[in-house]
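# Coordinates in review
Single-letter residue listing:
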Amino acid sequence: MAPIRLTVVVPAYNEAEVLPLFHARLVGVLDGMALDARVIYVDDGSHDGTWRVLDRLMGQDPRIGALRLSRNFGKEAALTAGLDAVTDDADAIVIIDADLQDPPELIPDLLARWRDGYDVVYATREHREGESWFKRATAHLFYRLMARMAAFNLPHDTGDFRLMSARAVAALRQLRERQRFMKGLFGWIGYPHTAVMYQRYPRQAGRTKWNYWRLFNLAVEGITSFSILPLRLATAVGVATSVCAFSYGAGVFIKAVLWGDPVKGYPSLMVVVLVLGGLQLLALGVVGEYLGRVYAEVKQRPIYLIETACQVPMMPPPYSTARADALPSVAAASLPTEDPR
Ligand code: UDP
Ligand code: MG
């Protein structure tokens, strides 16, 4: 029996400090299994020498390939670039963070579940150590909200760390939307999936690139990507306020006709103006969110651009977007001697 071909995709942004540690642990795990393993690192426009570290690692191990994006495109785009570079012959694909928050030691467990016939095996965190109660509470709220709004179930407390079958990755690759909410895309493709529990550790070195503003944006993106409920809500609130406004207006009119119109009612006027103004701005904002997404899509820009690809046999370019200029431009495998960043 031929060994299983496993490809590990690792997005890395300013992870020079932790990458050697990570790689040593990853290779330790991969070597312990009878696998035909490959690792694809994606340098997401780092400016801390991450590429130099990758360059050195590639020199040591022919199983490693690396992509360097032309700038920082964000984790979702980096992941997409990595998945696009996975060759057709891979049986299973693992996505893992470079900061050692996702333990590589879990890969054998993920693989075991894949052998049982699951297409997507995601790692679900048991504990969130080193994270504030506020982050835990907001994350909790977000998962519940998404579960209500999206048509499919979003697994709770699950990051991007997961193993996917070749066909699940092929399905994922067909989703070329620009604003990529990966958790939602993973859920959208369906296929048999299961969870493996693990402990999530605080990152080993370096610092997280997430702050609350980015998390808020992620939440808005998640909701607007997979649900038009906010638009419905705006309509519903609009209908409700209109009904109230019309009946109140009719009341005011009748009162004025029957009893005249003494100049009074400044408070009620102010309340009505302010409430309606607020509601209108809110609804406009919701519409704007969706308009912004449409705007991003119609521009048809590529999701990422590649500056350098080393030891990575790129896949035949992505499928659905048939436009030639939407394909990643693969530069020659030239290595800059000095990191220009
Ligand atoms: N990452 C990336 N591009 C970015 C931000 C992050 O490729 O713009 C990578 C990062 O190097 C790490 C993973 O995505 O491997 C998760 O990032 P981080 O640890 O900052 O997120 P958190 O674990 O806090 O969700
Ligand atoms: Mg992390």
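In what follows, the accompanying structure is described. All values derive from a computational prediction rather than experimental measurement.

On to helix H4 (residues 107-115). Since one α-helical turn is 3.6 residues long, residues separated by three or four positions face the same way. The set of residues buried in H4 consists of Ile-107, Leu-110, Leu-111 and Trp-114. Projected down its long axis, H4 carries its buried residues within an arc of 100°, all on one side. Immediately beyond the C-terminal end of H4, within one or two residues, lies Gly-117, with a positive phi of roughly 115°.

Turning to the nonpolar core, a few remarks are in order. Core analysis: the largest hydrophobic core is formed by 45 residues, its most contacted members being Leu-67, Leu-69, Leu-83, Met-146, Met-164, Leu-172 and Tyr-304. Here this core gets five residues from one element, more than from any other, and that element is helix H3 (residues 75-84). If near-sequence neighbours (up to four positions away) are discounted, Met-146 is found in contact with Leu-154, Phe-181, Gly-222, Ile-223 and Phe-226. Grouped together as the second largest cluster of nonpolar side chains are 41 residues, Ala-12, Trp-51, Ile-64 and Leu-106 included.

The next subject is empty space enclosed by the protein. In this structure the tally under the stated criterion is two cavities of 30 Å³ or more. The space that makes up the second largest cavity amounts to roughly 40 Å³. Contributing elements (two or more residues each) for the lining of the second largest cavity: H3 and helix H6 (166-173). Here the element with the most residues in the lining of the second largest cavity is H3; it accounts for three residues. Here the residues of the lining of the second largest cavity are counted per class, giving three nonpolar, one polar and four charged.

With that out of the way, let us pick up the pattern of salt bridges. According to the stated counting rule, one finds 13 salt bridges in the structure shown. Linking Asp-97 and Lys-75 is a salt bridge whose minimum nitrogen-to-oxygen distance equals 2.8 Å. Of the two residues, Asp-97 is situated in the loop between strand S4 (92-95) and H4 and Lys-75 in helix H3; the sequence distance between them amounts to 22 residues. Among the salt bridges present, the one from Arg-176 reaches Asp-84, with a minimum N-O distance of 2.9 Å. Note that Arg-176 is positioned in the loop between H6 and helix H7 (182-189) and Asp-84 in helix H3, a separation of 92 residues in sequence.

We now examine the environment of His-156. Residue position: His-156 is located in the loop between helix H5 (133-149) and strand S6 (158-165). For His-156, a relative accessible area of 33% corresponds to the partly exposed category. C-alpha of His-156 to C-alpha of Thr-124: the two residues are 32 residues apart in sequence and 7.4 Å apart in space. Not counting residues within four places of it along the chain, the set of residues in contact with His-156 comprises Thr-124, Tyr-143 and Arg-144.

Around the magnesium ion (ligand 2), the protein contributes the donor atoms Asp-99 (OD) and Gln-101 (OE1), at 1.9 Å from the metal centre. Assessed through its relative accessible area of 4%, Asp-99 is described here as buried.

Quick look at the packing of helix H1 (residues 19-31) against helix H2 (residues 50-60) now. Here H1 crosses H2 at 35°, and the two axes come no closer than 10 Å. For the element pair H1 and H2, the recorded crossing hand is right-handed. In this structure, H1 uses Leu-19, Pro-20 and His-23 to contact H2, whose residues at the interface are Thr-50, Val-53, Leu-54, Arg-56 and Leu-57. Of the residues in the contact of H1 with H2, the class split is five nonpolar, two polar and one charged.

Rules behind the numbers
Residues numbered from 1 in each chain as written. Chains lettered and ligands numbered in written order. Predicted model: local features only at pLDDT ≥ 70, side-chain atom pairs only at ≥ 80, totals over all residues. Heavy atoms only, no water. Buried < 20%, exposed > 50% of the residue type's maximum accessible area, 1.4 Å probe, protein only. Helix = DSSP H or I, 4+ residues; strand = E, 2+ residues; numbered from the N terminus. Arc of directions from axis to C-beta. Core = buried A, V, L, I, M, F, W, Y, C linked by side-chain atoms within 4.5 Å. Contact = heavy atoms within 4.5 Å. 1 Å grid on protein atoms, 1.4 Å probe; cavity = no way out; pocket = protein on both sides within 12 Å on 5 of 7 lines; lining within 4 Å. Points joined across faces, edges and corners; volume = space filled by probe spheres on them. Nonpolar A, V, L, I, M, F, W, Y, C, P; charged D, E, K, R; others polar. Salt bridge = Lys/Arg side-chain N within 4 Å of Asp/Glu carboxyl O. Donors = N, O, S within 2.8 Å, 3.2 Å for Na, K, Ca; no water. Axes fitted to C-alpha atoms, helices over the stretch in contact; angles between N-to-C directions. Left-handed = near helix turned anticlockwise from the far one by under 90°.

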